[in-house]
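This is what each chain is made of:
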Amino acid sequence: MLPRVADSLSFLYLDMVRVVQDDTGVCAQIQVDAQRTDLVYIPTAALSCLLLGPGVSITTPALNTLARHGTSVISVGSGGVRAYAGILSDSLTTHWLEQQVACWSAPERRLDVAVRMYRMRFQDADLPEAVDLDKLRGLEGQRMKAFYKILAQQHGIGRFRRNYHPDQWDSQDPVNLALSAASACLYGIVHAALLALGLSPALGFVHTGKQHSFVYDIADLYKAETTLPLAFALHNSDNPEQEARRRFREDLRLLKLLPRIVRDVQRLLTPRSTNATDGAADEEEPQEKRDVKMVHLWDPKAGVLPAGVNYAARGE
């Protein structure tokens, strides 16, 4: 039985090591000095995702072992705050990707996920019974404007307005510059979590048209408690961009954000059930199908059919 991401939530981050396969297993070689090299063995069979940071090299035999054990391997920046590329194991099922596509392709379910994301961000929200995305965006804008005002007052800043102009990066004020830098770090963390689940970063529910649309959706769930307070705290910094990245990496060790992102995404993509006794919507625990041991066939009427079967007689 392969380990479930939902069970183990095991993300291991490495940097400045060489990952190799020896007679015992996959290990990280740590060069202590010219005469000494320490070995730390990696529990590949119980590991969901391996994050390779700066200064890491990995051999092909080690990658093969990780793939056999169903471990996703993702190349990231320092502290895991950027995601550059991912290698997904062939044994990783498409369960969560199918859930994502099913929710994304049906307008009613897509709106439902967007509403649930809004409720996760603003837990005291009192939404009208019939709400569309246009109204939801307006409510979100009002909430964020009020939150900006509160943070500005707390730090003694005058009127603040969020501006992001990539072509005028260095001309941004310290808060906007710190917020842009910290947001880029947050996007990397979210991207790594989505890749580990086998999801498409491009299929967003609120954002659309970009390869990282779903990344932006999920990152918005955590900005109010991570990047925004950090950015406003750096309003007097001489180098807000660098300090935002450094402090975000330090804070991330305390936040343990990766496992939380996995749980939240699985909860969002799991269809809500209706309790037969009181009719209330009940959030079920995500059930990830990990019993798929080979590729199956899809049928619009029968659902999933076994592969490796000759269906010629049935098609006549």
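Coordinates for the structure precede this section.
> An account of the overall build of the protein is needed here, citing residue identities and associated values.
When helices and strands are counted, the protein shows ten helices and twelve strands. In the protein, which comprises 316 residues, the share counted as buried stands at 40%. Taking the contacts inside the protein whose residues are at least 6 apart along the sequence as the reference set, 57% of them involve residues at least 24 apart. In the structure as shown, the protein presents an accessible area of about 17,800 Å², 51% of it carried by carbon and sulfur atoms.

> Talk me through the environment of Leu269; I want residue IDs and the actual numbers.
As for its placement among the helices and strands, Leu269 is situated in helix H10 (residues 257–269). Since its relative accessible area comes to 1%, Leu269 is described here as buried. Not counting residues up to four positions away in its chain, the partners in contact with Leu269 are Trp96, Gln99, Gln100, Cys103, Leu199 and Phe205.

> Describe the layout of surface pockets, naming the residues involved and giving the relevant values.
In this structure, the second largest pocket spans a volume of roughly 580 Å³. Looking at the lining of the second largest pocket, the elements with two or more residues in it are helix H5 (133–154) and helix H6 (174–197). Examining the composition of the lining of the second largest pocket, we find that five residues originate from one element, H6, more than from any other. Residue classes in the lining of the second largest pocket are distributed as nine nonpolar, four polar and five charged.

> Tell me about a nonpolar patch on the surface, and name the residues and values.
Nonpolar side chains collect at one region of the surface, where Ile30, Val32 and Val40 lie side by side and expose about 200 Å² of accessible area between them. Turning to its location among the elements, Ile30 is positioned in strand E3 (residues 26–33).

> I'd like a description of unusual backbone geometry, backed by residues and values.
What is expected of a backbone is that most residues other than glycine have negative phi and most peptide bonds are trans. Even without being glycine, Met16 reaches a positive phi, approximately 55°. Note on placement: Met16 falls in the loop between strand E1 (11–14) and strand E2 (18–21).

Conventions and cut-offs
- Residues numbered from 1 in each chain as written.
- Predicted model: local features only at pLDDT ≥ 70, side-chain atom pairs only at ≥ 80, totals over all residues.
- Heavy atoms only, no water.
- Helix = DSSP H or I, 4+ residues; strand = E, 2+ residues; numbered from the N terminus.
- Buried < 20%, exposed > 50% of the residue type's maximum accessible area, 1.4 Å probe, protein only.
- Contact = heavy atoms within 4.5 Å.
- Areas by Shrake-Rupley, 256 points an atom, 1.4 Å probe, with all protein chains shown as cover.
- 1 Å grid on protein atoms, 1.4 Å probe; cavity = no way out; pocket = protein on both sides within 12 Å on 5 of 7 lines; lining within 4 Å.
- Points joined across faces, edges and corners; volume = space filled by probe spheres on them.
- Nonpolar A, V, L, I, M, F, W, Y, C, P; charged D, E, K, R; others polar.
- Patch = residues over 30% accessible without salt bridge, like charges linked within 9 Å, V, L, I, M, F, W, Y side chains within 5 Å.
- Salt bridge = Lys/Arg side-chain N within 4 Å of Asp/Glu carboxyl O.

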